[in-house]
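Descriptive analysis of the structure
The primary structure of each chain is shown beneath.
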Amino acid sequence: MTKRHPDTELIHAGEGAPSNAMPVTTPIYSSSTFTFASSAELEAYQQGRSQSFMYSRYANPTVMAVEAKLAAAEGGEAAMLLSSGMAATSTALFGLLQSGDEVICSAAIYGGTLQVLRSFLDRFGVRARFVSMEQLGALGSVIGPSTKVVWFESPTNPTLRCADIAAVASVCRAKGVVSIVDNTFASPVNQQPLTLGADLVMHSATKYLNGHSDVTAGALVGSKALIDRVMPARKLLGGVLEPASAYALGRGMKTLGVRIARHNSNALTIARWLETHPGVSRVCYPGLESHPDHDIARRQMHGCGGMVCFESRDGQDGAVRFFDRIALFQRAASLGGVESLCSLPVLTSQYGLSDEQLAEAGVTRGMVRLSVGLEDSEDLIADVQQALD
Ligand code: PLP
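Residues numbered from 1 in each chain as written. Predicted model: local features only at pLDDT ≥ 70, side-chain atom pairs only at ≥ 80, totals over all residues. Heavy atoms only, no water.

One open sheet accounts for five strands, arranged E8-E9-E12-E11-E10; its pairing is mixed. If you trace the sheet from one side to the other, it starts and ends with strand E8 (280–284) and strand E10 (330–331), each paired once. One ladder, built from five bridges, connects strand E9 (residues 307–312) with strand E12 (residues 367–371); its direction is antiparallel. Residue Val-308 lies in a different strand from E12, and its bridge partner there is Leu-370. (Pairing = 2+ DSSP bridges. Helix = DSSP H or I, 4+ residues; strand = E, 2+ residues; numbered from the N terminus.)

Here is the structure:
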């Protein structure tokens, strides 16, 4: 009889093991490496003839189980988990681009994405061109011969503008350009960019996908061919998600549907209430009839998500006053958790941007961003009211 190492005894549960040993949840395979029975098995793995695991930086069973779940949620063939949203962004860009290529990106974009495109990729000879939402809508005339990727968010952070994903994706496809949508704000429950024709979806899984503000993770979802194209960059740059975080993310995703339904209804209720308050000059929420992209949102989204942004009539002073008085909402960056959070974009996601860059992103100094959680909507409105009054 082959003598086994005690640690592997449990995995290869043999004689005497309970007959119902199949777990309901995917276990955390925290092992960094996996054994091979023979040189023939190792060679089969290297030649792509076996489904074995070798090393957790390349692939890990716990991580793969969550990747399969996410691919299904987005309507994609394959998914890849990474150690943060920014790891997903940089890995995708390094995997798809080379010196001399150009990326077209909407100027209304998460600040980290903007900085990676503006300050890092140019060191490697990749040029980024930032366009307004209007130019994104007329992309045919913007794409040039060296454009290889079009990157955009919908809804955008923090202004909640929406791009017509099907229209952008079809122009990209006709010109042989890869379209990538940051779907963090919507979540796959509210919007599936791949089914609208986009090539790749990117997520800060730190946000709604996990939903409990206790995991930092990122994801890419798309066709198997495109994920395979990016895979060498994940393997070699090493931004992989570790198994315990993947497990927590998979657990969070089990309640994604019910959480998003409540985020949608709470946020819409608060957005409608804010529109009636005299201290508020503008409310950005795609579910409101007053929103400039309301029709696009109605066409491509099932619900409009949990993010609401508003502008204080008193500008930055009013926004700061609100921020310092809010009580049930917690003052914190990030978003998408079960608890409600409040942030000031100019002091968080858009911190350090010049007035010109802020204007390009549509962000004003009087803006307040709310990540509306799952609490009772009446309690949330009472809190917003006391902070505004
Ligand atoms: N994309 C959006 C829309 C975000 O809001 C964020 C983070 O706030 C990111 C990407 C980056 O994700 P992470 O912080 O997980 O790296």
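Right, picking up where we left off after that structure.
This part takes up the domain arrangement of the protein. You can read the domains of the protein as domain 1 (13–253) and domain 2 (256–388). Using only C-alpha atoms to locate each centre, domain 1 and domain 2 end up separated by 27 Å. In this complex, domain 1 contributes 37 residues to the contact, which on the side of domain 2 involves 42 residues. Taking both sides of the interface into account, the surface hidden between domain 1 and domain 2 amounts to around 3100 Å²; carbon and sulfur atoms contribute 57%. The interface formed by domain 1 and domain 2 includes 18 residue pairs in polar contact (both at pLDDT 80 or more). Those elements that provide at least two residues to the side of domain 1 that touches domain 2 are helix H5 (111–120), helix H7 (165–175), helix H8 (187–190) and helix H10 (243–253). Sorting elements by how many residues they give to the side of domain 1 that touches domain 2 places H8 first, with four residues. Of the residues assigned to the side of domain 1 that touches domain 2, the class counts are 20 nonpolar, 13 polar and four charged. (Domains from an automatic or database assignment. Contact = heavy atoms within 4.5 Å. Buried area = accessible area lost by both parts, 1.4 Å probe. Polar contact = N/O pair within 3.5 Å; in protein donor to acceptor, adjacent residues only side chain to side chain. Nonpolar A, V, L, I, M, F, W, Y, C, P; charged D, E, K, R; others polar.)

Right, let's talk about the packing of aromatic side chains for a bit. A full pass over the atoms with the stated rule returns five aromatic pairs. When the ring of Phe-310 is compared with that of Phe-322, the centres are 5.1 Å apart and the planes differ by 80°; the resulting orientation is edge-to-face. Linking Phe-310 in strand E9 with Phe-322 in helix H13 (residues 315–325), this pair joins segments that are 12 residues apart in sequence. Stacked on the ring of Phe-120, the Lys or Arg Arg-123 has its end atom at 4.6 Å from the ring centre. In this arrangement the basic side chain of Lys-235 is found over the ring face of Tyr-58, its NZ or CZ atom lying 5.2 Å from the centre. (Phe/Tyr/Trp six-rings, centres within 6.5 Å; stacked < 30°, edge-to-face > 60°. Lys NZ or Arg CZ within 6 Å of the ring centre and 35° of its normal.)

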